[in-house]
Amino acid sequence: MPRDPRFDILFEPVAIGPVTAPNRFYQVPHATGMGYRRPQTLAAMRGTKAEGGWGTICTGYCSIHPSSDDEPYPTDSLWDDDDVTALTLMVDRVHEHGALAGVELWHGGAGAQNLYSREPHIGPSSVPTGVYAPVQTKAMDKRDIRDLKRWYREAAIRGKRAGFDIIYVYATHWYLMPQFLTPSNQRTDEYGGSLENRARLLKELIIQTKEAVGDTCAVAVRFNASMEGSDPDHDTAEPREMIEHLGELPDLWDITALDYQHEMGTSRFVPEAALEEMMSWVKSVTTKPVVSVGRFTSPETMLRLVRQGVVDLVGAARPSIADPFLPRKIEEGRDDEIRECIGCNICYTGDQTGTPIRCTQNPTMGEEWRKGWHPERIPAKKSDSSVLIVGGGPAGLEAAVALGKRGYDITLAEARRELGGRVTLESELPGLREWNRVLEWRLNQISKLPNVEYYLESVVDREQILEFAADRVVVATGATWRRDGTGRWHDEEIPGWQMPSVLTPDDVLGGVVPDGPVVVYDDDHYYMGGVIAEKLRGVGLDVTLVTPANEVSTWTQNTEEQHNIQKRILTLGIHLKTGISLSDIQSGGVITECVYTGREEEIPASAVVLVTSREPNDDLYTSLRDEIDIERIGDCLAPGTIATAVYSGHRYAREMDEDASDGVPFLRER
């Protein structure tokens, strides 16, 4: 189908200094967990987005010098000529599809790690680095500032030699430039004090970068439009004055918020287009093109922001990860097929764990080079095998879609009255409504596949499976939350777990509302303990959340939402006890124990919800594994995140009838 003419404006070219973006779809710089360690992996991922229609593709943060090293988080780098060679791989893949390539030159200052380089940190003054790191920055003198400017210039020239079309001066997110720009810079020379002085270094870097590369490359500045978070006026006064001061120097303004948890917050806390109010004024103070982000998942939102003159280019990181072919789908009139980001931030966990980026919605993300997976293409079937999938949760649905696209005849049997499994249930929890997109996209795909059929309220047993006589059987029956309290802290049952007052998340998801007061014991440490506590508090119960970790939902540090979760818990009046384990469940209460001192405390409770670990529902598989061709996928194989379940279902579909190998199942960078 041709695209809706309403969207024509999104496909207009945009001049950015001496270069021209072919359309308004702009993949802003974002981290990948690949960096300089995995240049082939990185190039294939960025190139796939260019193939999908993104008109501009940028690197992640790209270190200009060893004094800005962020290990164990793998950045891009332009330290020397070898880095030029590595990044040229990405540039070539991006240019192959007619897109522009941008590089975000970065110096972290106090925000870098320097654990690999062991170079001293530098900054406007000597301040502590990192999060509770026991080191401080070296206060930069004039020679250090001259060195910094030289490093930026040399890196910019290397970027030009690598073929980049856009060279960034990165000036936000509490790295080195904001350390100069903000009022906390108390230097007494010409680089501190007044606004003009604090902006001096940034101004000099923009000017020298334009002098070095501006004949053929555009120069962009990534800048914050607000000083902090989502307060009523977003504290935009000083950023506005700075952009007015610098407004016509760069060729492009890339606008963000200084508060990272607001800029890229999860959908649980931050809605689509959340930055609109704080950055809507930028185009009124500069004639240069403006790009900004807001987890834009709707083409209608993109269209409105361009038409209203809020942005010239539609910035995206997460939406381009969830669907690298988003622009092409709009262009081809297939916007109903866009794989919308759910805002879970699983993508961000790749960078935070030093591993290649992954995505709940898009299981091919990060696998483009090492496994040869493409988000829109999959090999045709290699046999006429029929497949029975038992279970219609995220793993079963993904397997059905991917196998159906390969051309296999698929029958899916779901025991419940609706598809989706844990996705359908969990999306009813506070703040998780957008997670239902995992189901919605796959249902839409199945509706287009005549070779895939599904049956609801179909509980199948061993005999029925044998009678059905499918060539292949895939068990995707999920997992069940344990009722006995076994988890990370307790490797044995918690005494008293058999009492009728003991519940699990499955009970709450199934509609059980206990009497209060309630103790929620979270030994899972992801989102479930917090949202269960919030749900029960929402119906008026007195809730105490107990966890053996030192903070609530501690793993969500990796999804950039832990602070918001703990703030929400405390704001709602939920009692929070950290560093505390659950040692005994009794009638009318529980006994807790300090994980450090062993000191016990009794907490009155009419009910206890144990959020600890899960057991795979694999009895069906076990009863048949010696008789037929049967496999497990998703939580039935190994309980994990929704992302791991989707990946498991997709992997099964990709590998079915393919030559098996006992070696490494993917390519490695050498």
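Residues numbered from 1 in each chain as written. Predicted model: local features only at pLDDT ≥ 70, side-chain atom pairs only at ≥ 80, totals over all residues. Heavy atoms only, no water.

(A) Highlighting helix H20 (residues 562-571). Among the residues of H20, Gln562, Asn564, Ile565 and Ile569 are the ones counted as buried. An end-on view of H20 places all buried positions within 165° of arc, on one side of the element. What points out from H20, more than 90 degrees from its buried face, is the exposed set His563, Lys567 and Thr571. Residues of H20 that are buried in the fold lie against helix H8 (260-263), helix H19 (528-538) and strand S21 (543-547). Gly573 lies just past H20 and shows a positive phi near 80°. (Buried < 20%, exposed > 50% of the residue type's maximum accessible area, 1.4 Å probe, protein only. Helix = DSSP H or I, 4+ residues; strand = E, 2+ residues; numbered from the N terminus. Arc of directions from axis to C-beta. Contact = heavy atoms within 4.5 Å.)

(B) Region of the structure containing the environment of Val608. Note on placement: Val608 falls in strand S26 (residues 607-611). Residue Val608 is classed as buried on the basis of its relative accessible area, which comes to 2%. For the pair Val608 and Gly529, spaced 79 residues apart in sequence, the C-alpha to C-alpha distance is 12 Å. Excluding its chain neighbours within four sequence positions, the residues that come into contact with Val608 are Ser501, Val502, Leu503, Val519, Leu582, Ile585 and Val590.

(C) Main features of the nonpolar core. In this structure, Ile16, Tyr26, Leu202, Phe223 and Val520 are the most contacted members of the largest nonpolar core, which totals 156 residues. What Ile16 contacts, discounting residues up to four positions off in sequence, is Ala21, Tyr26, Leu100, Ile166, Ala218, Asp251, Leu252 and Leu313. Judged by nonpolar contacts, the second largest core, of 14 residues, contains Ile494, Val519, Ile585 and Cys594. (Core = buried A, V, L, I, M, F, W, Y, C linked by side-chain atoms within 4.5 Å.)

(D) Just helix H3 (residues 142-162), in detail. The terminal C-alpha atoms of H3, which comprises 21 residues, lie 30 Å apart, in line with the 30 Å expected from a rise of 1.5 Å per residue. Along H3, the residues classified as buried are Asp144, Ile145, Leu148, Trp151, Tyr152, Ala155, Ala156, Arg158, Gly159 and Ala162. Buried residues along H3 cover an arc of 160° about the axis, so they all sit on one side. Facing away from the buried side of H3 by more than 90 degrees, the exposed set consists of Arg143 and Arg146. The N-cap residue of H3 is Asp141: its side-chain oxygen and the backbone nitrogen of Arg143 are 3.1 Å apart. Immediately beyond the C-terminal end of H3, within one or two residues, lies Gly163, with a positive phi of roughly 105°. (Expected span 1.5 Å × (residues − 1). Polar contact = N/O pair within 3.5 Å; in protein donor to acceptor, adjacent residues only side chain to side chain.)

Scope: geometric values only; no functional claims are made or implied.
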